[in-house]
Amino acid sequence: MPDTDVLVRDGRISAVGKDILDHADTVVDGCGLYLTPGIIDMHVHSTWDGSAISEDLDEMYGSYQAFLRSVLNVEATLKHGVTTIREVGSPHDISVETAWAMEHGYIKGCRIIPCGSAIQSIYGHVPSIGTIANTKDELLYAIRAKKALFVKKGIRCQWIKIMDTGGAAGLEDIGPSMYDLDQLSFIVHEAHRLHMKVAVHAVSQEGIIECIRAGIDTIEHGPDIPDEYLDMMKEKNLTLVPTLAIYKLLSEGKGVLSDFMVNRSLLVTQQQRSTFARARAKGVRIALGTDAGSPLFGPHPVAFKEMTVMEEYGMPADEIITSATETAAEVLGIDNEIGSIEAGKLADFDVLSENPYKKITAFTENLVSVYLGGELIH
Ligand SMILES: [Zn+2]
């Protein structure tokens, strides 16, 4: 929208339109600049730092250092224009503490939707960030313990994360679904009943299919989805969070990583290209998520690396920005608060000196300032 003013009061947008400047005490001149909603990353690990050994740091240095890394990472995330993250796995539910510290003004980081540690079976994926639960009874306990923690810490937007297959980055077997369909359906039923939503790490096709059949709200990674299950995702209103950039990066690691890892990442990357294109063509909801913090990904935030790969795989810039703002907010269930520049919503903005619809890298190369709740951060 050209020549538009945005009036902010008490951290929220109170009006958007022309000729509303008379109501303002302070005016920020944005002539020649572009205002976008703050960017949302649906898949972040805040205690990991994106170095080669990031997944090992939690066990090497313990929880206090992990919490500190989480704080530093969410502060850097905000400063660079990512104003909200969903944190999908940290040891000992640390992300819940980081979210609490942020909400109470102890730290100046992005908004955090924390899943705490990720529920997984004994045959888990990154057990250092896991809550282990094998049987239905254990699952019930784990889910209700998360609920109790969220309530105690005042977390309003409540998500749990489960790990349902191995990962593609390490030497582990990606393998079958760790939970059977009955258990996965039980998880969804119990979480939804308690007004929580579920994210699932799913990389193998057999695992992904079980998660879609169970109706898990967001399928994380989901590289290899047959057409009929993309149709089922659409029918059930499920969302794909594709995390394209990390696998592309690993697939280009020849000479640095083992041939085994490079080859497996190459395969995942090929599957992702196809699934991403087919999901888009079918109108399956896609929200931007990165796996920020993962080994070799580099420092937080990495949402803008993901945007570049989404564009390379055929998504136009306006769709990419929507997937990282409006769509992400909708999926999170807080589109009444964030995700667009509309009266009543929180005043989270990025200000750019180039039009991101024409140049998606404007978020990194032309970031002028960042606002969170109307406050100038950077
Ligand atoms: Zn992850």
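Structure first, text after, so check above.
Residues numbered from 1 in each chain as written. Predicted model: local features only at pLDDT ≥ 70, side-chain atom pairs only at ≥ 80, totals over all residues. Heavy atoms only, no water.

A. Structural context of the coordination of the zinc ion. Of the protein atoms, only His43 (NE2), His45 (NE2) and Asp291 (OD) coordinate the zinc ion, at distances of 2.1 to 2.2 Å. All donors of the zinc ion come from a single chain, and their spacing in sequence reads H-x1-H-x245-D. With His43 in strand β4 (residues 39-44) and Asp291 in the loop between β13 (285-286) and α9 (303-312), this residue pair connects regions lying 248 residues apart in the sequence. Looking at Asp291, the relative accessible area reads 9%, which means it is buried. (Donors = N, O, S within 2.8 Å, 3.2 Å for Na, K, Ca; no water. Helix = DSSP H or I, 4+ residues; strand = E, 2+ residues; numbered from the N terminus. Buried < 20%, exposed > 50% of the residue type's maximum accessible area, 1.4 Å probe, protein only.)

B. A look at the pattern of salt bridges. Applying the stated criterion across every chain, the model contains 21 salt bridges. Of the charged contacts in the structure, one is a salt bridge between Glu337 and Arg12, with a shortest N-O distance of 2.6 Å. With a gap of 325 residues between them, Glu337 in the loop between α11 (326-332) and β14 (349-352) and Arg12 in strand β2 (residues 12-17) connect regions that are remote in the sequence. Since its relative accessible area comes to 22%, Glu337 is described here as partly exposed. Glu190 is the partner of Arg193 in a salt bridge, and the nearest nitrogen-oxygen pair spans 2.9 Å. Within this pair, Arg193 and its partner Glu190 are both found in helix α4 (residues 181-193), separated by 3 residues, close to a single helical turn. Among the ionic contacts, a cluster of salt bridges with common partners joins Lys248, Glu252, Arg273 and Glu312. (Salt bridge = Lys/Arg side-chain N within 4 Å of Asp/Glu carboxyl O.)

C. Here's a closer look at empty space enclosed by the protein. With the rule as written, the count across this model stands at 2 cavities of 30 Å³ or more. Taken as a whole, the largest cavity encloses approximately 50 Å³ of empty space. Looking at the lining of the largest cavity residue by residue, the classes come out as 4 nonpolar, 5 polar and 2 charged. By volume, the second largest cavity is sized at about 40 Å³. Taken together, His221, Gly222, Pro223, Leu240, Pro242, Leu244, Gln272, Thr275 and Phe276 make up the full set of residues lining the second largest cavity. In terms of residues, the lining of the second largest cavity owes the most to one element, helix α8 (residues 259-282), which gives 3 residues. When the residues that make up the lining of the second largest cavity are grouped by side-chain class, the tally is 5 nonpolar, 4 polar and no charged. (1 Å grid on protein atoms, 1.4 Å probe; cavity = no way out; pocket = protein on both sides within 12 Å on 5 of 7 lines; lining within 4 Å. Points joined across faces, edges and corners; volume = space filled by probe spheres on them. Nonpolar A, V, L, I, M, F, W, Y, C, P; charged D, E, K, R; others polar.)

D. Examining the packing of aromatic side chains more closely. Under the counting rule described, the total for this entry stands at 4 aromatic pairs. Taking 5.3 Å as the distance between ring centres and 5 degrees as the angle between the ring planes, the aromatic pair formed by Phe304 and Phe363 counts as stacked. With Phe304 in helix α9 and Phe363 in helix α12 (residues 362-365), this pair connects stretches of sequence that are 59 residues apart. Judged by its relative accessible area of 8%, Phe304 is buried. For the cation-ring pair, Arg86 lies above Trp159, with the distance from its terminal atom to the ring centre recorded as 4.7 Å. (Phe/Tyr/Trp six-rings, centres within 6.5 Å; stacked < 30°, edge-to-face > 60°. Lys NZ or Arg CZ within 6 Å of the ring centre and 35° of its normal.)

E. Spatial organisation of a nonpolar patch on the surface. On the surface, Ile53, Met60 and Tyr61 cluster together to form a nonpolar patch covering roughly 310 Å² of accessible area. By the element assignment, Tyr61 lies in helix α1 (residues 57-79). (Patch = residues over 30% accessible without salt bridge, like charges linked within 9 Å, V, L, I, M, F, W, Y side chains within 5 Å. Areas by Shrake-Rupley, 256 points an atom, 1.4 Å probe, with all protein chains shown as cover.)

F. Highlighting the environment of Pro2. Relative to the assigned elements, Pro2 resides in the segment before β1 (5-9). Look at Pro2 and you get exposed, because its relative accessible area is 62%. Between the C-alpha atoms of Pro2 and Gly17, which are 15 residues apart in sequence, the distance is 10.0 Å.

G. Quick look at the sheet that holds strand β6 (residues 111-114). In spatial order, the strands read β4-β5-β6; together these 3 strands make up an open sheet with parallel pairing. Whereas interior strands pair on both sides, the edge strands pair on one side only; in this sheet they are β4 and β6. Taking each pair of neighbouring strands and ignoring which way they run, the sheet shows an average axis angle of 15 degrees. Looking at chain direction, strand β5 (residues 82-87) and β6 are connected through 4 bridges and run parallel. Within β6, the residue paired with Thr84 across the bridge is Arg111. The strands touched by helix α2 (residues 94-103) within the sheet are β5 and β6, with β6 carrying the most contacts at an inclination of about 150 degrees. (Pairing = 2+ DSSP bridges. Axes fitted to C-alpha atoms, helices over the stretch in contact; angles between N-to-C directions. Contact = heavy atoms within 4.5 Å.)

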